[in-house]
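# Fold and contact review
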Amino acid sequence: MKKVISLIFLFLLAHLFNSCKKFLDIVPDNVATIDYAFRLRSTAERFLFTCYSYMPALGNFDGNPANAAGDEYWLPVTNTSNAWQIGRGNQNVVNCYMNYWQGAAGGKDLFEGIRQCNIFLDNIDKVPDMTSTERERWTAEAQFLKAYYHFWLFQMYGPIPLIKENIPVGAPPEQVYPAREPVDSCVNYIVAQLDEAAGHLPDKIENEVSELGRITKAIALTVKAQVLVVAASPLFNGNTDHAGFKGPDGRLLFAPTVDQEKWVRAAAACKAALTLCESQGYRLYTFNPQFFQYKISDTTRVELSIRNAITEKWNPEIIWGNTNSLAGTIQASATPRGLDPSKTANSATVGNIAPTLKIAEMFYSNHGVPITEDKTWDYNGRFKLRTGTHAYRYDLQEGYQTVALHFDREPRFYADLGFDGGIWYGQGLFNDNANLFFVSSKKGQPASAQNQSSYSVTGYWPKKLVNFNNVIGDGTTYTIQNYPWPVIRLANLYLLYAEAENEANGPGAEVYKYINLIRERAGLPTVENAWTNYSRNPGKFSNKEGMRDIIQRERLIELAFEGQRYWDIRRWKKATDEFNKPITGWDLAQEDAAAYYREKVIYNQTFTTKDYLWPIPESELLSNKKINQNPGW
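Residues numbered from 1 in each chain as written. Predicted model: local features only at pLDDT ≥ 70, side-chain atom pairs only at ≥ 80, totals over all residues. Heavy atoms only, no water.

Below, the discussion takes up the overall build of the protein chain. A tally of helices and strands in the protein chain yields 23 helices and 14 strands. Counting only C-alpha atoms, the protein chain reaches 75 × 55 × 50 Å along its principal axes. Once local pairs closer than 6 in sequence are excluded, the contacts in the protein chain between residues at least 24 apart make up 70%. In the protein chain, 65 positive and 68 negative side-chain charges are present, and the distance between their average locations comes to 2 Å. (Helix = DSSP H or I, 4+ residues; strand = E, 2+ residues; numbered from the N terminus. Contact = heavy atoms within 4.5 Å. Lys, Arg positive; Asp, Glu negative; His and termini not counted. Charge placed at Lys NZ, Arg CZ, Asp CG, Glu CD.)

Our next topic: helix H11 (residues 261-279). At 3.6 residues per turn, the α-helix brings residues three or four places apart onto the same side. Taking 1.5 Å of rise per residue, the 19 residues of H11 would be expected to cover 27 Å, and the 27 Å separating its terminal C-alpha atoms lies within 8% of that figure. Listing the buried residues of H11 in full gives Lys262, Trp263, Ala266, Ala267, Ala269, Cys270, Ala273, Leu274, Leu276 and Cys277. In this fold, the buried residues of H11 make contact with helix H9 (183-198), helix H10 (217-232), strand S2 (318-327), helix H16 (490-505) and helix H17 (509-521). Taken from the residues just after H11, Gly281 is the one with a positive phi, measuring 90°. (Expected span 1.5 Å × (residues − 1). Buried < 20%, exposed > 50% of the residue type's maximum accessible area, 1.4 Å probe, protein only.)

Take the nonpolar core next. Membership of the largest hydrophobic core comes to 183 residues, with the highest contact counts inside it found for Phe144, Tyr148, Phe154 and Trp320. For this core, the leading source of residues is helix H7 (residues 132-157), giving 14 residues. Listed in part, the eleven residues of the second largest apolar core include Ile296, Ala309, Ile423 and Phe430. (Core = buried A, V, L, I, M, F, W, Y, C linked by side-chain atoms within 4.5 Å.)

A separate point is the packing of aromatic side chains. Enumeration according to the criterion identifies 49 aromatic pairs in this entry. An angle of 55° between the planes, with centres 6.4 Å apart, marks the rings of Tyr148 and Phe151 as tilted. Here Phe151 and Tyr148 lie together in helix H7, a separation of three residues that amounts to about one turn. Grouping residues by exposure puts Tyr148 and Phe151 together as buried. Their ring planes at 80° and their centres at 5.6 Å tell us that Trp152 and Trp567 sit as a pair that is edge-to-face. With Trp152 in helix H7 and Trp567 in helix H20 (residues 565-571), the pair connects residues that are 415 residues apart, well separated along the chain. (Phe/Tyr/Trp six-rings, centres within 6.5 Å; stacked < 30°, edge-to-face > 60°.)

This part covers the pattern of salt bridges. Side-chain pairs of opposite charge can arise where the charged atoms are in close proximity. Evaluated as defined, the whole model comprises 43 salt bridges. Arg489 is the partner of Glu317 in a salt bridge, and the nearest nitrogen-oxygen pair spans 2.6 Å. Here Glu317 is found in the loop between helix H12 (298-311) and S2, whereas its partner Arg489 is found in strand S12 (residues 483-489), with 172 residues between them in sequence. Under the relative-accessibility criterion, Glu317 is labelled buried at 0%. A salt bridge links Lys343 to Asp474, with the nearest nitrogen and oxygen atoms 3.9 Å apart. Residue Lys343 is located in the loop between helix H13 (329-334) and strand S3 (354-355), and its partner Asp474 is located in the loop between strand S10 (471-472) and strand S11 (478-479); the two are separated by 131 residues in the primary sequence. (Salt bridge = Lys/Arg side-chain N within 4 Å of Asp/Glu carboxyl O.)

Positive phi outside glycine occurs at Ala105, with the angle close to 50°. With a relative accessible area of 31%, Ala105 lands in the partly exposed category. The residue Lys573 is not glycine, and still its phi comes out positive at about 60°. With respect to the helices, strands and loops of the structure, Lys573 is situated in the loop between H20 and helix H21 (575-578).

With that settled, consider the side chain of Ser535. Within the secondary structure, Ser535 sits in the loop between helix H18 (527-534) and helix H19 (544-558). Residue Ser535 is classed as buried on the basis of its relative accessible area of 2%. Within the local environment of Ser535, its side chain forms a polar contact with the side chain of Glu373, the two groups lying 2.9 Å apart. Dropping the residues within four chain positions of it, Ser535 is found in contact with Val369, Glu373, Lys375 and Ala530. (Polar contact = N/O pair within 3.5 Å; in protein donor to acceptor, adjacent residues only side chain to side chain.)

This brings us to the packing of H7 against H9. For the pair H7 and H9, the least separation of the axes is 8 Å and the interaxial angle reads 155°. Relative to H9, the element H7 lies roughly antiparallel. When you trace H7 past H9, the crossing you get is left-handed. Residues Ala140, Gln143, Phe144, Lys146, Ala147, His150, Phe151 and Phe154 of H7 lie in contact with H9, whose contacting residues are Val183, Cys186, Val187, Tyr189, Ile190, Gln193, Leu194, Glu196 and Ala197. Here the residues of the contact of H7 with H9 are counted per class, giving twelve nonpolar, three polar and two charged. (Axes fitted to C-alpha atoms, helices over the stretch in contact; angles between N-to-C directions. Parallel < 35°, antiparallel > 145°, perpendicular 65-115°, else oblique. Left-handed = near helix turned anticlockwise from the far one by under 90°. Nonpolar A, V, L, I, M, F, W, Y, C, P; charged D, E, K, R; others polar.)

Here the focus is the pairing of S2. Note on strand geometry: in a regular strand, side chains alternate between the two faces of the sheet. The buried fraction of S2 is high, at seven of ten residues. The pairing of S2 with S12 spans six bridges and is classified as antiparallel. Each bridged residue has a counterpart across the sheet, and for Ala327 the counterpart in S12 is Tyr483. (Pairing = 2+ DSSP bridges.)

Before going further, it helps to spend a moment on H18. Among the residues making up H18, those that are buried are Val527, Ala530 and Trp531. Viewed end-on, H18 has its buried residues packed into an arc of 90°, placing them on one side of the element. (Arc of directions from axis to C-beta.)

Where H17 meets H18, the axes come as close as 9 Å, and the angle between the chain directions of the two elements is 80°. Of the possible angle classes, the one that applies to H17 and H18 is roughly perpendicular. Contacts from Tyr512, Ile515, Asn516 and Arg519 of H17 reach H18 at Val527, Glu528, Ala530 and Trp531. Within the contact of H17 with H18, the residues separate by chemical class into five nonpolar, one polar and two charged.

Laid out in structure tokens, this is it:
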């Protein structure tokens, strides 16, 4: 955290003076003061929108640390993403990557965002031309953002200072530099702020299109549920690796034992959020072909339900879409260059964010169980060659030779992933009983490497993120249907509730219900049916431990490429296993299918216990003696 002594003046100079909202246009003599900011409703609203501007840019690939800091994607060696430096094991204490503590190297200064929220909260009562209802709502929005920024810092750094109010200029040093608070204190404060904000927020944005993306009660309760699930998870609930970690003042920062009541509290919060969301008409999105001019197969319909749950703006599943972070360039990065063979010279489709081979193997078989568990699926023969036949024509190019791994997989595999020999529905071709685009990415083929930066290093692309109505044009044009990044959708809340309920009370009707709703949309049988009939472990779903494994796998699949995997793997304390496996893909330098489909190690990733908590910048420790470094750094 930066020195707070010059808080007011630094804030005004750095943010009001240079505001993208052109704040100075309404201030006489170009002198910006807090008094002027709160003299009018219009200028106060601009200040509120500045508070929103500190939201992490999750729809921008480089602005979302979860994209490249883990193992979900890998990038060309020329890429300079800050988060990817974390994924490659290069995080450090001097020039921290994705520095959200101070706002550097790809991260936003969230403590500064918190201070802006505090300034707003301290001054909103001065605005004369507002109704009390509107004032309460704006106050609640700022309060939510303040809580959310604390939560983001917490999930990265663990125990953090709580900036409940701004320190006045001239305060003594002992007040200027705050200490970190224990985990439970952080969580309780964040939740209290969310609870207070929720009481003054609209349940849902109904008719005001211009207000879409602003905070609602549904968002506040869902974030509260997320916070409590994270707090109940092994990283923060009885983490023995940090059992003796204390601050300089001697306070224990991590509770040493597991508290089962944290899961009970989380389950109750999830249920409350669910009840509100469902009462407001939120539902899992399904594609309705009645409103589509092309006749499509059931296979394509199911896969469009999966893809459009992300890419169709303001669909009924989106609880929180971030209008400050539109998914634009990330779609270009997810689309193979050369997907349209007639336009291989079009550099607008960059195609350089590559899901890893382990992610391709993560998806279920067509029976809805892991390919390692399905007793009918030949896991040992997954690298053998097979040729697409007419029966697979909606997912695999007929007559094209690919690998057995790509056959007989669940609909989310084909909806989420682009790969050599895989059909890519849309992009201007919509008749799925005629010729469609398909990926051909062996050496010398249209989707193979065009240069050192515009290609997939693994042979896979995240098709899930690409709106099927996008059109690859001539020259350097790519017409993209932008959509607000879906920070939270209903499927995520369903999975959070199933997880918390299973941990609190074990598997039961509520747990199965919400998992099976997601599986039904994905074209899969119920958990009970799938495991009983196809798994080598048929009773797995009947006990807490087995169901925990199923729920976690379901989260990783359903929320793939949405910036969730990295945080989930960490909070479950599985990162020392998952992030120490080699990053692999196909042998892209080969023209022949047999040679191309050889698993090739791209990078040997490393992750140690210290990496569970990000390092606090060394310069911060030099100025604030009340804070010590996270363990291992």
